Amino acid sequence: MSIFSYKQRNNITLLIIVALGCLIAYSLQGIFGSILSTLVLYTILRPGYIYLVEVRSWNKSFSAVLLLFTLIIILILPFYALSSMVLDKIAELQNNPAYFKTMLEKVKHLVPVNGEVQSLVEDGIKKIGTWATELFSSIISGAFNIVLGLLLMYFLLFFMLVQMEAFEQALIKYAPFREQNVQRFAEEMRNTTYANVLGQGFIALVQGSLVGLCFFVLGYTDPIFWGVITTFISFVPILGPPIVFVPAALLQLANGNNFAGWAMLIFGFVVIINIDNVLRFMIAKRVGNIHPVITVLGVVIGIPLFGILGLVFGPLLLSWFILLVKIYETSAMASGRLERIKTISEQE
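Residues numbered from 1 in each chain as written. Predicted model: local features only at pLDDT ≥ 70, side-chain atom pairs only at ≥ 80, totals over all residues. Heavy atoms only, no water.

Draft legend 1. Region of interest: the overall build of the protein. Within the protein one finds 13 helices and 0 strands. Reading the secondary structure of the protein in the N-to-C direction produces α-α-α-α-α-α-α-α-α-α-α-α-α. In the protein, buried positions account for 32% of the 348 residues. Considering only contacts in the protein between residues 6 or more positions apart, those separated by 24 or more positions represent 71%. If you sum the accessible surface of the protein, you get close to 22,100 Å²; carbon and sulfur atoms cover 70% of it. (Helix = DSSP H or I, 4+ residues; strand = E, 2+ residues; numbered from the N terminus. Buried < 20%, exposed > 50% of the residue type's maximum accessible area, 1.4 Å probe, protein only. Contact = heavy atoms within 4.5 Å. Areas by Shrake-Rupley, 256 points an atom, 1.4 Å probe, with all protein chains shown as cover.)

So, in structure tokens, the structure goes:
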């Protein structure tokens, strides 16, 4: 006969479950980004999968494979192209060490700087060169982890789609909410994901295209490269595009190309910056409003955790956290009302 009571055995079992869960979570911290990517992509691909399986009556496995193949074309290939372009640009700058010195001399004629500021700038340029060299080697050495993460993501995503009903029923069963709150969380998670990933992605694509087009029209070098870079940097609202077009415009002014410099500054601050607000308002009417403060703080949180993917996952995590706080607040208020009703009925 056991020396533990029924309640003690349950508590011990729960303690073991929590301990093992923490150990498993700690062991999976290296692939947390892949797991989070799987949840985000599942949310995005779910409507398409339902359409193919339930409306078009296609085979489940074929539909999942087709969506995953489409995902490779839309998601993986652009990141591969970006990496190739950045690595080529880094190699080009490494082979031309006088580029930064020439650029600094040109800027000095436009904005006079003293010796101390010049030494700080030169030191910064040296650090950028060192960082670029380390980045090149880290990307090569991290290629295996990237491939492993992608394979894991596609493996999980395939079975989550094919076994959608069982997966979602398990989420409802083990979620620490009432069923109506689970449905609310799922709906809000979908809206938040669409607003952060698809909405912000569309805004970034428009801003990057405008910068690249402006570079091309005004005769700037590498318009495609800087347009692509702006697209990814634009995930940081307001701060993103100026990081690219302001230095480019200042260099044109330093070279004596006043029209190209001032045209870029005016177009950038009047059109490129404000198009963010216009598109964000349109997206908010359709899928939900994500405040720019959440986006900026999310990027600050996400980049140290996920690298470049933190531009997307950081705001997403912060939005989910705020959503959970709202659900908890609603549940606490409902519990409070039930307690008051119970107390009044007992007094009567």
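Anyway, onward from the coordinates.
Draft legend 2. Region of interest: the confidence of the model for the protein. Taken over all residues, the pLDDT of the protein has a mean of 75, while the share at 70 or more is 71%. Put simply, helix 5 (residues 115-141) is where the protein has its lowest mean pLDDT, 55, and helix 2 (residues 32-55) is where it has its highest, 84. (pLDDT = per-residue confidence, 0-100.)

Draft legend 3. Inspection of the packing of aromatic side chains at higher detail. For the structure shown, the criterion picks out 7 aromatic pairs. When the centroid spacing of 5.1 Å and the interplanar angle of 65° are considered together, the rings of Phe155 and Phe159 count as edge-to-face. Of this pair, Phe155 and Phe159 both sit in helix 6 (residues 143-162), 4 residues apart, which is roughly one turn of that helix. For Phe159, a relative accessible area of 38% puts it in the partly exposed group. A ring pair is formed by Phe225 and Trp226, whose centres lie 4.9 Å apart and whose planes are at 80°; its orientation type is edge-to-face. Under the relative-accessibility criterion, Phe225 is labelled buried at 10%. A connected cluster of aromatic rings, assembled from ring pairs, spans Phe155, Phe158 and Phe159. (Phe/Tyr/Trp six-rings, centres within 6.5 Å; stacked < 30°, edge-to-face > 60°.)

Draft legend 4. Representation of the nonpolar core in the model. Counting residues in hydrophobic clusters, the biggest one holds 19 residues, and the most contacted among them are Phe215, Leu218, Tyr220 and Met264. Mapped by element, the contributors of at least two residues to this core are helix 8 (179-218), helix 9 (223-233), helix 10 (242-254) and helix 11 (258-287). Counting 18 residues, the second-largest nonpolar core is a separate cluster that includes Tyr49, Phe158, Leu161 and Met164. (Core = buried A, V, L, I, M, F, W, Y, C linked by side-chain atoms within 4.5 Å.)

Draft legend 5. Summary view of the side chain of Thr38. Tracing the backbone shows Thr38 in helix 2. Thr38 gets classed as buried once you look at its relative accessible area, which sits at 1%.

Draft legend 6. The arrangement of unusual backbone geometry in detail. The phi dihedral of Ser57 falls on the positive side, at around 60°, and the residue is not glycine. Within the fold, Ser57 resides in the loop between helix 2 and helix 3 (60-94). Residue classification places Ser57 among the exposed positions, given a relative accessible area of 59%.

Draft legend 7. Quick peek at the pattern of salt bridges. According to the stated counting rule, one finds 2 salt bridges in the structure shown. Glu168 is the salt-bridge partner of Arg46, the closest N and O atoms lying 2.5 Å from each other. Of this pair, Arg46 sits in helix 2 while Glu168 sits in helix 7 (residues 164-174), and the two are 122 residues apart along the sequence. Classification of Arg46 by relative accessible area gives partly exposed; the value is 31%. With a closest N to O distance of 3.9 Å, Lys60 and Glu165 form a salt bridge. Here Glu165 lies in helix 7 and Lys60 lies in helix 3, a separation of 105 residues in the sequence. (Salt bridge = Lys/Arg side-chain N within 4 Å of Asp/Glu carboxyl O.)

Draft legend 8. Just the packing of helix 2 against helix 8, in detail. Relative to each other, helix 2 and helix 8 sit at 100°, their axes nearing to 10 Å. Accordingly, the angle class assigned to the pair helix 2 and helix 8 is roughly perpendicular. When helix 2 is examined against helix 8, the residues Leu39, Val40, Thr43, Ile44 and Pro47 are found in contact with a partner set consisting of Met189, Arg190, Thr193, Tyr194, Val197 and Leu198. The class makeup of the residues in the contact of helix 2 with helix 8 is 8 nonpolar, 2 polar and 1 charged. (Axes fitted to C-alpha atoms, helices over the stretch in contact; angles between N-to-C directions. Parallel < 35°, antiparallel > 145°, perpendicular 65-115°, else oblique. Nonpolar A, V, L, I, M, F, W, Y, C, P; charged D, E, K, R; others polar.)

Draft legend 9. Seen up close, a nonpolar patch on the surface. Side chains of Ile12, Ile16, Leu20, Leu23, Ile24 and Leu28 sit close together on the surface and give an oily, nonpolar patch of about 520 Å² of accessible area. With respect to the helices and strands, Ile12 occurs in helix 1 (residues 6-27). On the accessibility criterion, Ile12 (34% relative accessible area) is partly exposed. (Patch = residues over 30% accessible without salt bridge, like charges linked within 9 Å, V, L, I, M, F, W, Y side chains within 5 Å.)

Draft legend 10. Inspection of the side chain of Thr230 at higher detail. Among the structural elements, Thr230 can be located in helix 9. By relative accessible area, which is 0% here, Thr230 ends up buried. In contact with Thr230, other than residues within four places in its own chain, are Gln207, Gly208, Val211, Pro241 and Val244.

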